[in-house]
Amino acid sequence: MIVQEEFDNQASAKSELEEYVDHLADAVAPEIEIDSVLDDFGELYRVWNGSQLLGTFYQNLEGKWVTQPCNRDERPCCNTPFEAQLIIVAVNGLLVADVA
């Protein structure tokens, strides 16, 4: 019966969503570290999660911050180094929201 099938699908989706939300609630913020190295063009900042390099960012000649997340072709620009860090962390799926 189509109505029962649709109800079962909705109940299943709701159950999966609740499991996912519970899983997110248990998430612990990653330990992100930032360091820098001197490059030919200036300071290159690196964003790490433990020993895993998440990406790099630098300030271009126009004063914008250019992010270079690892394994991505995009190079988004932003206005502050903090925004650059957030982009790199978010692209890597490590952004944890404080819901308290």
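Everything below is about the structure shown above.
Here the structure is a predicted model, which means the values were calculated and not measured. (Residues numbered from 1 in each chain as written. Predicted model: local features only at pLDDT ≥ 70, side-chain atom pairs only at ≥ 80, totals over all residues. Heavy atoms only, no water.)

Overview of the pairing of strand S2 (residues 42-49)
Looking at chain direction, strand S1 (residues 32-39) and S2 are connected through 8 bridges and run antiparallel. When the sheet's bridge partners are listed, leucine 38 is paired in S2 with glutamate 43. Taking the residues that link successive antiparallel strands as the turn, the S1-S2 hairpin has 2 residues. With 5 bridges connecting them, S2 and strand S3 (residues 52-59) associate as antiparallel partners. Within S3, the position partnered with valine 47 by the bridge is glycine 55. Connecting S2 to the next strand, S3, in antiparallel fashion are 2 residues, including glycine 50 with a positive phi near 65°. (Pairing = 2+ DSSP bridges. Helix = DSSP H or I, 4+ residues; strand = E, 2+ residues; numbered from the N terminus.)

A few points about the layout of surface pockets
Here the second largest pocket defines a volume of roughly 190 Å³. Every residue along the wall of the second largest pocket is listed here: Asp39, Phe41, Gly42, Glu43, Leu44, Tyr45, Tyr58, Gln59, Asn60, Leu61 and Trp65. Secondary-structure elements contributing two or more residues to the lining of the second largest pocket are S2 and S3. (1 Å grid on protein atoms, 1.4 Å probe; cavity = no way out; pocket = protein on both sides within 12 Å on 5 of 7 lines; lining within 4 Å. Points joined across faces, edges and corners; volume = space filled by probe spheres on them.)

So, the side chain of threonine 56
Its place among the elements puts threonine 56 in strand S3. Non-local contacts of threonine 56, meaning those with residues more than four positions away in its chain, are made with Leu44, Tyr45, Arg46, Val66, Thr67, Gln68 and Ile88. (Contact = heavy atoms within 4.5 Å.)

As for the packing of aromatic side chains
Applying the stated rule across the entire model yields 3 aromatic pairs. Centre to centre, the rings of tyrosine 45 and phenylalanine 57 are 5.2 Å apart; their planes meet at 15°, and the pair counts as stacked. Of this pair, tyrosine 45 sits in strand S2 while phenylalanine 57 sits in strand S3, placing them 12 residues apart in sequence. A relative accessible area of 1% places phenylalanine 57 in the buried class. Among the aromatic residues, those joined into a cluster by ring pairs are Tyr45, Phe57 and Trp65. (Phe/Tyr/Trp six-rings, centres within 6.5 Å; stacked < 30°, edge-to-face > 60°. Buried < 20%, exposed > 50% of the residue type's maximum accessible area, 1.4 Å probe, protein only.)

Everything listed here is a matter of geometry and, on its own, says nothing about what the molecule does.
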